[in-house]
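# Architecture at a glance
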Protein chains: 4
Amino acid sequence: MSGSITGKNIRVSTWGESHGKALGCVIDGFPAGLDITEEDIQKFLDRRKPGTSTATTSRKEDDLVEILSGIFEGKTTGTPISLLVKNTSQRSADYSEIASYYRPGHADYGYDQKYGFRDYRGGGRSSGRETIGRVAAGAICSKLLNIMGVKVCAYTRSIGDVEIDYDKFDENTRLITPTAMPDADADKKAMALIEKAREEKDSLGGVVECRITGVPAGVGEPVFDKLDALLSQAIMSIGAVKAVEIGDGINASKIKGSENNDAFENNGSHITKKTNHSGGILGGMSDGSEIVIRAYFKPTPSIASTQETINNSGENITINIKGRHDPVVVPRAVVVVESMCALTILDLMISNITSTVDPIISFYKNK
Amino acid sequence: MSGSITGKNIRVSTWGESHGKALGCVIDGFPAGLDITEEDIQKFLDRRKPGTSTATTSRKEDDLVEILSGIFEGKTTGTPISLLVKNTSQRSADYSEIASYYRPGHADYGYDQKYGFRDYRGGGRSSGRETIGRVAAGAICSKLLNIMGVKVCAYTRSIGDVEIDYDKFDENTRLITPTAMPDADADKKAMALIEKAREEKDSLGGVVECRITGVPAGVGEPVFDKLDALLSQAIMSIGAVKAVEIGDGINASKIKGSENNDAFENNGSHITKKTNHSGGILGGMSDGSEIVIRAYFKPTPSIASTQETINNSGENITINIKGRHDPVVVPRAVVVVESMCALTILDLMISNITSTVDPIISFYKNK
Amino acid sequence: MSGSITGKNIRVSTWGESHGKALGCVIDGFPAGLDITEEDIQKFLDRRKPGTSTATTSRKEDDLVEILSGIFEGKTTGTPISLLVKNTSQRSADYSEIASYYRPGHADYGYDQKYGFRDYRGGGRSSGRETIGRVAAGAICSKLLNIMGVKVCAYTRSIGDVEIDYDKFDENTRLITPTAMPDADADKKAMALIEKAREEKDSLGGVVECRITGVPAGVGEPVFDKLDALLSQAIMSIGAVKAVEIGDGINASKIKGSENNDAFENNGSHITKKTNHSGGILGGMSDGSEIVIRAYFKPTPSIASTQETINNSGENITINIKGRHDPVVVPRAVVVVESMCALTILDLMISNITSTVDPIISFYKNK
Amino acid sequence: MSGSITGKNIRVSTWGESHGKALGCVIDGFPAGLDITEEDIQKFLDRRKPGTSTATTSRKEDDLVEILSGIFEGKTTGTPISLLVKNTSQRSADYSEIASYYRPGHADYGYDQKYGFRDYRGGGRSSGRETIGRVAAGAICSKLLNIMGVKVCAYTRSIGDVEIDYDKFDENTRLITPTAMPDADADKKAMALIEKAREEKDSLGGVVECRITGVPAGVGEPVFDKLDALLSQAIMSIGAVKAVEIGDGINASKIKGSENNDAFENNGSHITKKTNHSGGILGGMSDGSEIVIRAYFKPTPSIASTQETINNSGENITINIKGRHDPVVVPRAVVVVESMCALTILDLMISNITSTVDPIISFYKNK
C-alpha cells in the first residue's frame, strides 16, 4: 500500500534511497504562476546538509537539486514538479556489514519483517536522506506562503538538557549556528554537549519548535483533517520524532480550565487572544494566533559503542556500528520540520478557500 | 474540502451535530464475514455515555445504535455499514445564549470565520458527541482485531495531578471506575479532585494511555503513512488533545542513545526487545513489542466561572457558561482513543498483507 | 477496500440495500451557505421513483428524504450532510427464491465469489435503489451549479430502436413523459415498444444523453483526473451502463482530422468553436462549448421468460424470475446520470479555482 | 488540485513535458519481491516508440528508461519505484510558432484558460509523451499479473474504416505490424489508408481493443469503484479517446434482455457463461469470463492542411501546423491502453484479496 504520498490539493510524493542513484520528489497540484528557481530550493536543501561543525556527520554531499518538470520560463505551470538530487557520495563499503544484523533503534528489523528483505545500504529508504524530497517541496510551498503573508519558522529549542533562552532569541541566529539554535550562547553549550557525546560514542536527542504566523482563523478541516491532526501526522512522520505538542501541549493536561482558556479580545484594531495556551489552534482550526508546534526527537540510534542485538539468523550478537553518523539529528531536522509544516499549512489554506459558496460563485461570475 | 473521512482500506465517515436529529457513521470497505450485532457496538457506546458519577455531565441519553445497512444475517457483507444514533435529549434552550458570543477554548470563533455561521446548539459539529460515530466504528474494528489476536486497551492514566500506580493496575477496573482508571485508589483521589474542580466552577485535564498488543513487526507504511504518524493524526483529531507521545515520547529527547536504544534479543522462542523505550514502533513500523501511545487532554473549556471574551459584534464582554458540562472529558474519551487506535491499526494491518508479492500470487493461485 | 465514496473536494458516500431499513448518503465537504430544503432534494428523488406508467415497475414507494445533519437554519453548514430514505415497501417474500441461484446479467455471482455470501433481497447493494443516495447528492450539487450559471440536463435519447427527433426537442417535455424523452412523439412510440417487450416477457435498453452548459474553458485536471475521464467513471459506475461517449464519440474514430477538428473563432463577443465534435472537452479540460456525454444502458437483466443458469451448488437449472421489474431502466436512470454529472462537474469546478496562485493570494489578502 | 496520480494500493504518479529535461513516473506501494530489470520496462516502452514505418512520426528517440529507486538486487523493495526517461530529441524550434495560437482539437486553449499560460513546446504536459510514465508503470504491473495468471492483450482493431478480421487474428502479429494490428492483411490495408491520409495532409482515428484473461469472478468494488468504472476512467484519461465500451457496449443498448443476458453454466469442470455479451463484467465486478474493453480514438488533431483558429490575442487567423506528427495515434496507443488496463486490474485484484475477513485472519495467524 502506498505510503510515500501526502497532501490533498498539493500532493507530494517522495522517492529514493540513501545509496541509490538519486532521491527526489514529485509535487502534483501546485498552483500555476509562482516564480521558482533552483536557487530557491537549494537554499532550503543547504539547511539540511551535513555541516562542517562537529554537530553533524562529516559526510560531504553537494545535494544539488535539478528541476526536471513543471516549471517553465521560471514559473510553476500547474503540472507535476519533478525534483531530483543525485547521490554522489556513496561509500557503500561502510555499510556492507549492517546487511547481516538489525541495528537497535532502527527500522531494519521492521523492513525485513514487512518486505522480506531490505536495501541495507545506509538505511536505504529509512535513511534521513529521504527527507531531501520533503525539504525540496517545502521550499516551494514556503515561497508561496511568504507571498500570502504566512511565515513558518522552525529552530532547535533544546539538545539534551541545553535549552534556549527566549530572552536571547534571534531568528537569524538559527540560520548560522551549527545547532540551528536561535540563541548563540545555548548553541555553544549544546555544541560542547554534542562533542562530549561523540567522544563517549553516544548520541543525543532534542526538540525542534516551529512557529507559524499570518494564518487567519478558520484554517483546518473539522474532525479527522483538523489542522493539529494533520500537523501531527506530518511531524510524526519524520524519522526519530517520538512526541508532538501543540501550544502548551502536555502542560495543558495538568492545569485547570480557568488557567488554560485564552480569552478572546478586541484590541481596538482586530480580534485576538489575551494568551496563547492553545498554540493557535482551537477545535482543529487556526484561531488567528501564532501556531506553535514542538517535535521531540530521540537520540540518534547509530552509536559507536558496543550494542547487543540479533543477526539475520536470529542469533544474539554484539555489534559496533561504523560509518558516519550525526551524534544528534536535531540541527539538520529543523528545516525538515519547517518544510512539513509549510506543506501542511499551505494545503489546508487552499482547501479553506472553498469552504463557503461565495468565493466559488464569484470566481465563476468573473470568468 | 472533505475532512470527516479517515482510513484507506476501511474508510470511516462520521456525521451529525450535537443537537441535530441524529449522529452516525458510514464504514466503507469493511471486510465481509464478521459476526456483528447491535450489542457489540452498544457496549462500546455505553463506555462513552455520560455516567452517573460526578465525573461526567448529568445529561442522560440512551445513545442507542441502529444498524441501517451492511450487515445481513448477522454478518458484515463487505458493503457500507451505516450506523445511526438518534438525539433524544435536545434541550436547545440551554444553548441559545451561546449563539451570540465565542466561548474561550472552543471552536466557535473558528467555525464562524471559516463558514460564515455555525450550528451553535451544543457546539454543533464540534461537540464531543461527534465521537459517537468514531466509537461505533471502533467497536466493529476491535471485534475483528480481537479475532486476529490484537488487543487495544486504553485507560485513564492521570487526571490533573493524580496519576495511576502501575503496581495497582487492573485492566478490568478501568471498565467500572467512573474515571476509567485501572487503579481503584487513584480513581478515588481523582474523583475527589474532580468534585473540587466542579465546586470551584473549574475543570481538569488528563492523560489517556493506550496499549496495543499482538501486532507483529512490520505494520505501518514507510514515510508519510508511518504507524506512529497515522496514530498521531487519529489521536490528535480527538477534540481537546494537545499532545501525543509514542513510547518514552518526550523523555526520549532528553536521554542518550545508549539509554534509549532497545536491544533486540532472541529469547529462545521468539525475537523480542530487552526494553521498550520505542513504544513498539521503529522507523514508522511496529517492531513486535507492545505499542504504547499517550494522549494529553486539556481541561474542559466550558467552565461555570466568569470569563472574558467577545460577542459576534466584536465587543468585549464577560460571560457565564450555563448548561451541563463534564468537569473533565478524559473518562469518556478513553473509549474514543481506543476506537481511533483500533481503526488505525486494523487499516494498516490490512494494507500490510499485500506488502509483498507472495500472498497476492498465492491468493489467486488458490482461486 | 472502500468503493462507495467518490469525489475529491466534495466526497459523497452512499450506503444501503434494496430491502434494508433505509438507504442514504453522506456528503462531506460541501461548501457552507447554500439554501437547501428537503423539497429541493425530493424533487430530484421523485424523478427516479417508479412511475405510474407501464414503463416502470409498479412497486410503490414514497422515497421521502430526511435531512439528518449538515443543514442548519436552511443552509448548508460546511459539515457532513447526512440524508436518509427509509425503505417502506419491503416485500421480501418475492425475492426469497433468488437466494438459491445466480440471475443471468446480474451481480449475484460476483458478490458471492467476492464476499462469500450476499444480501439477496431485491439485489441487496447491487439494486438500482442504491442510486437514491447519488440522486439526493446530485440535487444539492445541481442547486449550487445553477447559481453558478451551470445547467446539467439529461434525458432519454433512445429506447430500443426508437430515437428522439431533435427537431421536436423540448426540455420540459422530458420531465412529464414516462420515458423521460424530450420528444412527445418518440415517447409514445417508445411506450408502445416497452409494452410489447413486457408482453413478450422481455426487456429493452437505451441511451441517456446529458448536456452541460455554462462551464467555462479549463475545468478538469490534466492526465488521470481529466474531465472526460472522471465523467466516464461516474457514468460507467451506474449499473447497466456498458458504454460512454463524449461528443461525437465512436463516430470520431471513423472520420478524418480535417472533419473532426473544431475551429476556434472569435465571434465578436467571445471565443467559441464553429462546431462541437469534441463534445465540449479537449485534452481532458472543458473547452467552453456545451459538454455532451452519452450513457448506453443494456436491457434490464430481470426478465420473466425462462432462462438457463446455475444454482448455488453449481448445478445447471432453468429459472423464471418473478417480482416487479422495469422492462427498461432508462427513464428512471436519467436523473441518476444527471446527478453523477452534476457531482463530477461541481467537484472539478471547485478544484479549478485554485489552479493558479492569484486567487489564493487574493483570498488571504482580503481576509 | 492534483490530477496526475492514479490507483489506490499502487499509486502511479507521472510527470514531465514533451520538451522538458525528462519524463517519468513514481510507483508507490508496489509489493516487494518482484524481479524487475530495465529490460522488462524497455520492452514496453519500445512498443510506444515512434516507429520506422509511415504510420508514425519520424521523430527518433531512444526513450531509454533508468531505474532510480525502489529496486534493489533486481527486486522491487516495496518502496517507491522512480523511473526516468531523458528527452534527447528536443527540436524546440519547430514549435515556437504554436506558442502564439490555439491549435484546433488540442488542449492549448484549455491550458491557457486554466493556468494563465502553458509550456507550449511540443504540447508540453498534454503531449502524448506523457504516456511514457504510464507505460513504464504498466510494464511492471504486467509482469506481476503474468505470474498471477492474468494476461492483458491490447491491439489495434481498426483504423479509419479498415477493421481486422478475427479469423486472421494472431496475437504475435500485433507486435510486428506497424499498425499493431493482429491481422497482417488488415495491417497492409490500413497502412495504405494512412499513407493516403498523410498525402492529403489529413489524419485518421481508430479503435484499440483490450482483452484480459485469467481474472477470477469478484474483482472490482461495488458502486463508484466498479471494475468497468475504473477501467473507463483509465482509458478515457488517455489523450484522444472519445468513447469506451465494455463487451457488447453500445450494441447492448439496442437488443433485448433475452438476447443480451449470458447464461451461467457448469461445464463439468468449472462455472462459465455460454456467451460473453457482458464483456466479463457484471454489476461492476469481473464475472470470470474474458474482459473486453474498447477505446475509440479520434484522428490526430495536428494536421498539415490549413485550419482556422484564433491567436493569443483572440484574433481569427488561419494556420498551417508544421513539425512531426503521427497521422494516426492508434498504433502507439495500443501499449498505453494495455498499460492502463494492467494498472487498473492489478490494483483492484490487490484490493479484492482483503474483501473478506478470512484471508486477513489467516495471514496474521501464520505470522
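Quick summary incoming for the structure in this document. Quick caveat: nothing in here was measured; it's all calculated off a predicted structure.

This part covers the overall build of chain A. What chain A contains, in helices and strands, is eight helices and 18 strands. Compactness check: chain A gives a C-alpha radius of gyration of 22 Å against a globular reference of 21 Å for 367 residues, within 12% of the reference. With respect to the principal axes defined by its C-alpha atoms, chain A has extents near 65 × 50 × 35 Å. In chain A, which comprises 367 residues, the share counted as buried stands at 69%. Sequence-distant contacts, at least 24 apart, represent 69% of the contacts inside chain A between residues at least 6 apart. Per element, the accessible surface of chain A, about 11,100 Å² overall, is 48% carbon and sulfur.

A word on the relation of the copies chain B and chain A. Rotating chain B by 180 degrees and translating it 0.0 Å along the rotation axis places it on chain A, where the RMSD comes to 0.0 Å. On this basis, the relationship between the two copies can be described by a two-fold rotation axis. By residue overlap, the copies meet face to face through one surface: 100% of the interface positions of chain B are interface positions in chain A.

Below, the discussion takes up the interface of chain B and chain A. Residue-level contacts link 101 residues of chain B with 101 residues of chain A. Contact between chain B and chain A buries roughly 8,000 Å² in total, counting both sides, with carbon and sulfur atoms accounting for 58%. The interface formed by chain B and chain A contains six salt bridges. Note that Glu200(B) is salt-bridged to Lys256(A), the shortest N-O span being 3.2 Å. When grouped by side-chain class, the residues that make up the side of chain B that touches chain A number 40 nonpolar, 39 polar and 22 charged. For strand E11 (residues 241–246) of chain A and strand E11 (residues 241–246) of chain B, the ladder comprises three bridges, and the chain directions are antiparallel. Its bridge partner being in E11(B), Glu245(A) is matched across the sheet by Ala243(B).

Here we take up the sheet that holds strand E2 (residues 11–16) of chain A. Two orientations exist for strands paired in a sheet by backbone hydrogen bonds: parallel and antiparallel. Sheet architecture is open: five strands sit in the order E1-E2-E3-E7-E4 (chain A), paired in antiparallel fashion. With partners counted over all chains shown, the strands left at the sheet margins are strand E1 (5–6) and strand E4 (65–69) of chain A, one partner each.

Right, let's get into the sheet that holds strand E16 (residues 291–297) of chain B. Read across the open sheet, the 10 strands follow the order E9(A)-E8(A)-E10(A)-E16(A)-E11(A)-E11(B)-E16(B)-E10(B)-E8(B)-E9(B); overall the sheet is antiparallel. Strands with a single pairing partner mark the edges of an open sheet, and in this sheet they are strand E9 (162–163) of chain A together with strand E9 (162–163) of chain B.

A few words on helix H3 (residues 131–147) of chain A. Residue and element names in this part refer to chain A. Between its first and last C-alpha, H3 extends 24 Å over 17 residues, near the 24 Å set by a 1.5 Å rise per residue. With 14 of 17 residues buried, H3 lies mostly within the body of the structure. Directly after H3, the chain includes Gly149, whose backbone phi takes a positive value near 85 degrees.

All names here are of chain B. In this fold, Arg294 is placed in strand E16. For Arg294, the side chain forms a polar contact with the side chain of Glu209, separated by 2.9 Å. In terms of polar contacts, Arg294 uses its side chain to reach the side chain of Glu245, at 2.8 Å. If we skip the residues at most four places from it in the chain, Arg294 touches Arg157, Val207, Val208, Glu209, Ala243, Val244, Glu245, Gly247, Asp248 and Gly249.

Right, let's get into the relation of the copies chain A and chain C. Least-squares fitting of chain A to chain C yields an RMSD of 0.0 Å, with the transformation described by 0.0 Å of translation along the axis and a rotation of 180 degrees. With an isologous cut-off of 70% or more, the 100% of interface residues of chain A that recur at the interface of chain C puts this contact in the isologous class.

Time to look at the pairing of strand E3 (residues 22–28) of chain D. Residues and elements named next belong to chain D. A large share of E3 lies buried, amounting to seven of its seven residues. Residues Ala22, Gly24, Val26 and Asp28 point to one face of E3 and Leu23, Cys25 and Ile27 to the other, with burial holding for every one of them. Of the pairings in the sheet, the one linking strand E2 (residues 11–16) to E3 comprises six bridges and is antiparallel in character. If you follow Val12 over to E3, its bridge partner there is Ile27.

All names here are of chain C. Relative to each other, helix H1 (residues 38–47) and helix H3 (residues 131–147) sit at 125 degrees, their axes nearing to 8 Å. The orientation of H1 relative to H3 falls into the category oblique. The crossing of H1 and H3 is right-handed. Only Ile132, Val135, Ala136, Gly138, Ala139, Ile140, Ser142 and Lys143 of H3 make contact with H1, whose side of the interface consists of Asp40, Ile41, Phe44 and Leu45. Considering only residue class, the contact of H1 with H3 consists of eight nonpolar, two polar and two charged.

The accessible area lost on association of the parts is a frequent measure of interface size. Contacts between the two partners involve 26 residues from chain A and, on the opposite side, 26 residues from chain C. When the two sides are added together, the surface that chain A and chain C hide from each other amounts to roughly 2,400 Å², 76% of it contributed by carbon and sulfur. At the boundary of chain A with chain C, the tally comes to zero salt bridges. On the surface where chain A and chain C come into contact, there are eight residue pairs in polar contact (both at pLDDT 80 or more). Elements that contribute at least two residues to the side of chain A that touches chain C include exactly H3, helix H7 (330–353) and helix H8 (357–365) of chain A. Tallying contributions element by element places H8(A) first for the side of chain A that touches chain C, with seven residues. Residues belonging to the side of chain A that touches chain C are distributed by class as follows: 18 nonpolar, six polar and two charged.

All names here are of chain A. The final tally for this structure, using the stated rule, is 124 salt bridges over all chains. The closest approach of N and O atoms between Arg174 and Glu338, which form a salt bridge, is 2.8 Å. Taken together, the positions of Arg174 in the loop between E9 and helix H4 (184–199) and Glu338 in helix H7 put the pair 164 residues apart, joining distant regions of the chain. Salt bridges sharing common partners tie together Arg157, Glu163, Glu209, Arg211, Glu245, Glu290 and Arg294.

Residues and elements named next belong to chain A. Its location among the elements puts Thr177 in the loop between E9 and H4. Only 2.8 Å separates the side chain of Thr177 from the backbone oxygen of Met181, close enough to count as a polar contact. If near-sequence neighbours (up to four positions away) are discounted, Thr177 is found in contact with Ala184 and Asp187.

This paragraph deals with the packing of helix H8 (residues 357–365) of chain B against helix H7 (residues 330–353) of chain D. Two elements in contact, H8(B) and H7(D), have axes separated by 10 Å at closest approach and are oriented at 80 degrees. Accordingly, the angle class assigned to the pair H8(B) and H7(D) is roughly perpendicular. Every residue of H7(D) that contacts H8(B) at Pro359(B), Ile360(B), Phe363(B) and Tyr364(B) is listed here: Met349(D), Ile350(D), Asn352(D) and Ile353(D). By residue class, the composition of the contact of H8(B) with H7(D) is seven nonpolar, one polar and no charged.

For the rest of this paragraph, the subject is the pairing of strand E2 (residues 11–16) of chain B. Residue and element names in this part refer to chain B. Most of E2 sits out of view: six of its six residues are buried. Pairing analysis gives two bridges linking strand E1 (residues 5–6) to E2, with the strands arranged antiparallel. Directly across from Thr6, in E2, lies its bridge partner Val12. Turn length for the E1-E2 hairpin, with the two strands adjacent in sequence and antiparallel, is four residues, and the turn residue Gly7 shows positive phi of about 100 degrees. The turn joining E2 and strand E3 (residues 22–28), which pair antiparallel and follow one another in sequence, is formed by five residues.

Here we come to the state of the cysteines. Counted by the stated rule, this structure contains zero disulfides over all chains. Between Cys210(B), a cysteine without a disulfide, and Cys341(B), which holds the nearest cysteine sulfur, the sulfur-to-sulfur distance is 3.7 Å.

All right, on to the packing of aromatic side chains then. As enumerated under the stated definition, the model contains 32 aromatic pairs over all chains in all. When the ring of Tyr111(D) is compared with that of Tyr115(D), the centres are 5.7 Å apart and the planes differ by 50 degrees; the resulting orientation is tilted. Taken together, the positions of Tyr111(D) and Tyr115(D), both in helix H2 (residues 108–115) and four residues apart, correspond to about one turn of that helix. Here Tyr111(D) and Tyr115(D) have matching classes, each one buried. Taken together, the ring pairs connect Tyr102(A), Tyr109(A) and Phe264(B) into an aromatic cluster.

This paragraph deals with helix H7 (residues 330–353) of chain B. The first and last C-alpha atoms of H7(B) sit 34 Å apart over 24 residues, in line with the 34 Å expected at 1.5 Å per residue. Most of H7(B) sits out of view: 24 of its 24 residues are buried.

Criteria and thresholds
Residues numbered from 1 in each chain as written. Chains lettered and ligands numbered in written order. Predicted model: local features only at pLDDT ≥ 70, side-chain atom pairs only at ≥ 80, totals over all residues. Heavy atoms only, no water. Helix = DSSP H or I, 4+ residues; strand = E, 2+ residues; numbered from the N terminus. Rg over C-alpha atoms; globule rule 2.2 N^0.38 Å. Buried < 20%, exposed > 50% of the residue type's maximum accessible area, 1.4 Å probe, protein only. Contact = heavy atoms within 4.5 Å. Areas by Shrake-Rupley, 256 points an atom, 1.4 Å probe, with all protein chains shown as cover. Least-squares fit on C-alpha atoms with pLDDT ≥ 70 in both. Buried area = accessible area lost by both parts, 1.4 Å probe. Salt bridge = Lys/Arg side-chain N within 4 Å of Asp/Glu carboxyl O. Nonpolar A, V, L, I, M, F, W, Y, C, P; charged D, E, K, R; others polar. Pairing = 2+ DSSP bridges. Expected span 1.5 Å × (residues − 1). Polar contact = N/O pair within 3.5 Å; in protein donor to acceptor, adjacent residues only side chain to side chain. Axes fitted to C-alpha atoms, helices over the stretch in contact; angles between N-to-C directions. Parallel < 35°, antiparallel > 145°, perpendicular 65-115°, else oblique. Left-handed = near helix turned anticlockwise from the far one by under 90°. Disulfide = S-S within 2.5 Å. Phe/Tyr/Trp six-rings, centres within 6.5 Å; stacked < 30°, edge-to-face > 60°.

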